[in-house]
Amino acid sequence: MAAVAQTRQRDQVLEGGGTLLALCEAGGLPLASACSGAGACGRCLVTILEGAETLSQPEQRELDLLLRLGASAKERVGCQCQVPAGTTGLRFTTSYW
Ligand code: FES
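Before going into details, it helps to say that this report is about the structure given with it. The shown structure was predicted, so the numbers you read here are calculated from the model rather than taken from an experiment. (Residues numbered from 1 in each chain as written. Predicted model: local features only at pLDDT ≥ 70, side-chain atom pairs only at ≥ 80, totals over all residues.)

### Some thoughts on the overall build of the chain
- Regarding its fold elements, the chain presents two helices and seven strands.
- The N-to-C order of helical and strand elements in the chain reads β-β-β-α-β-α-β-β-β.
- For a compact globule of 97 residues, the expected C-alpha radius of gyration is about 13 Å, and the chain comes in at 12 Å, within 12% of that figure.
- Projected onto the principal axes, the alpha-carbon positions of the chain cover approximately 30 × 25 × 20 Å.
- Counting over 97 residues, the chain shows a buried share of 27%.
- Counting contacts in the chain only where the partners sit at least 6 residues apart, residues at least 24 apart contribute 63% of the total. (Helix = DSSP H or I, 4+ residues; strand = E, 2+ residues; numbered from the N terminus. Rg over C-alpha atoms; globule rule 2.2 N^0.38 Å. Buried ≥ 20, exposed ≤ 12 C-beta atoms within 10 Å, placed from the backbone. Contact = placed C-beta atoms within 7 Å.)

Here you go:
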C-alpha cells in the first residue's frame, strides 16, 4: 500500500510511487489541476493527515507555491511531492473530496 486518500465517502488505497497527483490519477481519484502538474496553479493542494515524513522534501518550486498560497505546515502540492514506491502509513485528503 502506498497511500490512503481519505474522502467523505471512503478511504481509497493508491498503489505505486510517483507524485500524489499521478497516484490519484492512476487510481481514478480526481485531484484538481489547472497546470498539468507544472507546480504553478496550486489546485492540487492536499492536506497530509499521517505519514508526512514518507514524502520527498519540498523543492524550491513547491516551497514558493506553498508560500504564495499561504498553505499550512500540513499541506503539500500534490504534483510536486513524491511518494516512494512501497511507502506505508501515508494518509491525505483535500478540502473538496
Ligand atoms: S497541478 Fe498545478 S500546482 Fe499542482
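Picking up after the structure, the text goes on.
### Some remarks on the pairing of strand β1 (residues 3-6)
- Of the two faces of β1, the one holding A3 and A5 is buried and the one holding V4 and Q6 is not buried anywhere.
- In this sheet, strand β2 (residues 11-14) lies alongside β1 in antiparallel orientation, the contact comprising four bridges. In the sheet register, V4 faces β2, and the bridge partner there is V13.
- With antiparallel pairing between neighbouring strands as the criterion, β1 and β2 make up a hairpin whose turn holds four residues.
- Sheet topology note: the β1/strand β7 (residues 91-93) ladder contains two bridges and is parallel. Along β7, the bridge assignment pairs A5 with F92. (Pairing = 2+ DSSP bridges.)

### Some points on unusual backbone geometry
- The phi angle at S36 is positive, at roughly 55 degrees, despite the residue not being glycine.
- Examined against the element boundaries, S36 turns out to sit in the loop between α1 (20-26) and β4 (45-50).

### Description of the sheet that holds β1
- Pairing within the open sheet is mixed, and its five strands lie in the order β2-β1-β7-β4-β5. Either end of the sheet is taken by a strand with one partner, and the two such strands are β2 and β5 (75-77). Neighbour-to-neighbour, the strand axes of the sheet open up by a mean angle of 35 degrees, direction not taken into account. (Axes fitted to C-alpha atoms, helices over the stretch in contact; angles between N-to-C directions.)

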